[in-house]
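Remarks on the overall topology
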Amino acid sequence: MTTAEQDPRLTEALAAIAAAGDADALEAQRIAALGKQGWVSAALKTLGGMSPEERQEQGPRIQATRAAISEAIEARKAALESAALEARLAAEVIDLTLPAPVSPKGSVHPVSQVMNELAEIFADMGFAVATGPEIEDDWHNFTALNMPESHPARAMHDTFYFPQQVDAQEVQPGSGQRRMLLRTHTSPVQIRSMVEHGAPLRIIAPGRVYRSDSDATHTPMFHQVEGLVIDRGIHLGHLKWTLETFLKAFFERDDIVLRLRPSYFPFTEPSVEVDVGWQDVGGRRVLGGDGDAPGHGWMELLGSGMVNRRVLEFAGLDPDQWQGFAFGVGVDRLAMLKYGMDDLRAFFDGDGRWLAHYGFSAFDQPTLSGGVGARQ
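All of these numbers come straight from a predicted model, not from anything done at the bench.

**Looking at the overall build of the protein**
Across its full length, the protein carries 12 helices and 10 strands. In the protein, which comprises 376 residues, the proportion classed as buried is 40%. Expressed as a percentage of contacts within the protein between residues at least 6 apart in sequence, the contacts between residues at least 24 apart total 65%.

Quick look at the structure:
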């Protein structure tokens, strides 16, 4: 090494490396000495044309020169990186009093929010939340609800059936064979609850349901909530009070007025359609007021009625001892009416802009004291 250090080119190269002020200057010195056209690389190439004696003499000197330059470059590179880090740390100042950057966050879907609001309201009225399978058999979905084999809802164009191992024509009434399907309502949960828990009973059954329908106000999959009360001495007066109390709390208005119209459902008798008064406010339907008042109208909102005796018998209850009422309404429609959406299909598009506009914060927990629909 001592001999190698006497080479003036090495001394000059080491000085230039030590004086390099940045990474680019250091790289230029590396290329000048160790690159393909560098003077050290050229010296190494000359070893091939030397005699063994000359190669034995010159080889160690050239290799020592190459090693010295490589070590100097690595040392200078480390020194430059350390100096750059020190300069950056000295220049950058972090203000710990500043708020953290806003990170992307999700939102609670309006359907989920309304589900929580419904659970909060009915829990205050003594109702429990019941759930059941979305893949149902036709006995729970139709037969136990007093819907005959000829009922239109059983048709393939209204209901999503699963493929059967036997031909559909071979599944005869009373054969004991049950066809599987996607439930068309949450009413099977009522049947399962009555069979499992008996009476008295007070439940709501929210969840997804499926029907073969699609337009601006209908989708093949939507959400529904049904209510059921079974006890002794139940009558239509109890049903009307329950619905009025529920709708006043949900829409947060005391001027909700209901109109009950006679109707027909196979699982209730008598059956009533429930209309609610509304008026147009700025192009938006706002519920409240008497539908017969000037500027108001009636809107059909839900179906209900007294539970049919045959349904109670299917569930194993004695209709001479127990009576009850039931009702059902679309959760998506409630959300549309309360929060001003006009197209049901947008509920399931997954558009982040729509969710950012209509979605709720995870902290928007519905409470009766704070308003079930209050936004933060």
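**Notes on a nonpolar patch on the surface**
On the surface, Ile-135, Phe-162 and Met-180 cluster together into a nonpolar patch covering about 240 Å² of accessible area. By the element assignment, Ile-135 lies in strand S2 (residues 135-137). Residue class for Ile-135 comes out partly exposed when judged on its relative accessible area of 45%.

**Focus on the pairing of strand S8 (residues 284-287)**
Of the pairings in the sheet, the one linking strand S7 (residues 268-281) to S8 comprises four bridges and is antiparallel in character. Each residue of the ladder has a partner; that of Val-281, found in S8, is Arg-284. In sequence, S7 turns back onto S8 through a hairpin of two residues, with Gly-282 there showing a positive phi of about 65°.

**A word on helix H6 (residues 110-124)**
Between its first and last C-alpha atoms H6 spans 21 Å; for 15 residues at 1.5 Å apiece the expected length is 21 Å, and the two agree. Residues of H6 that are buried include every one of Pro-110, Val-111, Gln-113, Val-114, Glu-117, Leu-118, Ile-121 and Phe-122, and no others. Summarising the axial view, the buried residues of H6 lie within an arc of 155°, below the 170-degree limit, and thus occupy one face. Buried residues in H6 make contact with strand S4 (201-210), strand S5 (221-231), helix H9 (236-251), strand S10 (323-330), helix H11 (331-339) and helix H12 (352-358).

**Some words on the packing of helix H3 (residues 23-34) against helix H5 (residues 52-91)**
The geometry of H3 relative to H5 is characterised by a closest axis approach of 11 Å and an angle of 170° between their N-to-C directions. Here H3 lies roughly antiparallel to H5, going by the angle between them. Residues Ala-23, Leu-26, Arg-30, Ala-33 and Leu-34 of H3 form the contact with H5, whose own contacting residues are Arg-66, Ile-69, Ser-70, Ile-73, Arg-76, Lys-77 and Leu-80. When its residues are assigned to classes, the contact of H3 with H5 shows seven nonpolar, one polar and four charged.

**Some details on the packing of aromatic side chains**
Inspection of every chain in the model, using the stated rule, returns 11 aromatic pairs. Where Phe-122 meets Phe-127, the ring centres are 5.1 Å apart and the plane angle is 70°; that geometry is what we call edge-to-face. The exposure classification of Phe-122 matches that of Phe-127, with both residues buried. Ring geometry for Phe-246 and Phe-250: centres 6.2 Å apart, planes at 45°, overall tilted. A residue pair is termed a helical-turn pair when its members lie 3 or 4 positions apart in one helix, as Phe-246 and Phe-250 do in helix H9 at four residues. Among the residues examined, Phe-246 registers a relative accessible area of 1% and is labelled buried. Of the aromatic side chains, those joined through ring pairs into one cluster are Phe-122, Phe-127, Phe-246, Phe-250, Phe-251 and Phe-327. Sitting above the plane of the Tyr-161 ring, Arg-179 keeps its charged end 4.1 Å from the centroid.

**Observations regarding the environment of Gly-106**
Position of Gly-106 relative to the elements: it lies in the loop between H5 and H6. Remark: the alpha-carbon pair of Gly-106 and Gly-359, spanning 253 residues in sequence, is separated by 8.5 Å.

**Some words on the layout of surface pockets**
Any empty space left between atoms is shown by rolling a water-sized probe over those atoms. A volume near 1,400 Å³ is recorded for the largest pocket. What lines the largest pocket is a set of 50 residues, and nearest its centre among them are Arg-211, Phe-222, Gln-224, Gly-328 and Gly-330. Where the lining of the largest pocket is concerned, the elements lending two or more residues are helix H8 (187-197), S5, S7, S8, strand S9 (296-307), S10 and H11. By residue number, the principal contributor to the lining of the largest pocket is S9, which donates six residues. For the lining of the largest pocket, a count of residues per class yields 21 nonpolar, 18 polar and 11 charged.

**Some points on the confidence of the model for the protein**
Taken residue by residue, the protein gives an average pLDDT of 84. The fraction at 70 or more is 90%. When the elements of the protein are averaged for pLDDT, helix H1 (residues 2-5) gives the smallest value, 44, and S10 the largest, 95. Note that pLDDT drops below 50 for residues 166-175; the model gives that stretch seven contacts with residues more than four away or on any other chain.

**Let's talk about the side chain of His-185**
Turning to its location among the elements, His-185 is positioned in the loop between strand S3 (180-182) and H8. The exposure class assigned to His-185 is buried, which follows from its relative accessible area of 5%. Polar side-chain contacts of His-185 include one of 3.0 Å to the backbone oxygen of Asn-141. Look past the residues within four positions of His-185 in its chain and what remains in contact with it is Asn-141, Leu-145, Met-147, Val-209, Arg-211, Gln-224 and Glu-226.

**Regarding unusual backbone geometry**
Cis rather than trans, the peptide bond between Ala-199 and Pro-200 has omega equal to 0°. Structurally, Pro-200 can be placed in the loop between H8 and S4. Cis peptide bonds are those with omega within 30 degrees of zero, and the linkage from Glu-269 to Pro-270 qualifies with 0°. Note on placement: Pro-270 falls in strand S7. A positive phi angle, close to 55°, is found at Glu-252, a residue other than glycine. Of note, Glu-252 is situated in the loop between H9 and strand S6 (258-265).

Parameters at a glance
- Each chain has its residues counted from 1, following the order in which its sequence is written.
- pLDDT decides what is reported in this predicted model: residues at 70 or higher carry local features, side-chain atom pairs at 80 or more are listed and counted, and totals for whole chains, interfaces and linings draw on all residues regardless.
- As a rule here, side-chain values come from all non-hydrogen atoms in the structure, and water together with hydrogens is ignored.
- For helices the rule is a DSSP run of H or I covering at least 4 residues; for strands it is a run of E covering at least 2, with both sets numbered from the N terminus onward.
- Exposure categories follow from relative accessible area, calculated using a 1.4 Å probe and restricted to protein chains: below 20% of the type maximum is buried, above 50% is exposed, and the middle band is partly exposed.
- Any two residues whose heavy atoms approach within 4.5 Å are treated as being in contact.
- What makes a patch is a set of residues exposed beyond 30% relative accessible area and free of salt bridges, joined within 9 Å when like-charged and within 5 Å when nonpolar (Val, Leu, Ile, Met, Phe, Trp, Tyr).
- What sets the accessible areas is the Shrake-Rupley method with a 1.4 Å probe; for residues, cover comes only from the shown protein chains.
- Any Lys or Arg side-chain nitrogen found within 4 Å of a carboxyl oxygen on Asp or Glu counts as a salt bridge.
- Whether two strands pair depends on DSSP finding at least two bridges between them.
- Residue count minus one, scaled by 1.5 Å, sets the expected span of a helix.
- What the arc describes is the spread of directions from the helix axis to the C-beta atoms.
- Axis definition: a line fit to C-alpha positions, over the contact stretch in the case of helices; interaxial angles, taken between N-to-C directions, run 0 to 180 degrees.
- Note on angle classes: values under 35 degrees are labelled roughly parallel, values over 145 roughly antiparallel, values of 65 to 115 roughly perpendicular, and the remainder oblique.
- When residues are sorted by character, Ala, Val, Leu, Ile, Met, Phe, Trp, Tyr, Cys and Pro go into the nonpolar class, Asp, Glu, Lys and Arg into the charged class, and all the rest, Gly among them, into the polar class.
- When two rings of Phe, Tyr or Trp (its six-membered ring) have centres within 6.5 Å they constitute a pair, described as stacked for plane angles under 30 degrees, edge-to-face for angles over 60, and tilted for the intermediate range.
- For a ring to carry a charge above it, either NZ of a lysine or CZ of an arginine must fall within 6 Å of the ring centroid while also lying within 35 degrees of the normal to the ring plane.
- For each structure, a 1 Å grid was placed over the protein atoms alone; sets of points admitting a 1.4 Å probe that cannot get out are labelled cavities, open sets with protein on both sides within 12 Å along at least five of seven lines are labelled pockets, and lining residues have an atom within 4 Å of a point.
- Grid points are joined across faces, edges and corners, and a volume is the space filled by probe spheres set on the points.
- A residue's pLDDT is the predictor's confidence in that residue, given on a scale from 0 to 100.
- Counted as a polar contact is a pair of N or O atoms within 3.5 Å, where, for protein atoms, one must be capable of donating a hydrogen and the other of accepting one, and residues adjacent in sequence contribute only when both atoms are in side chains.

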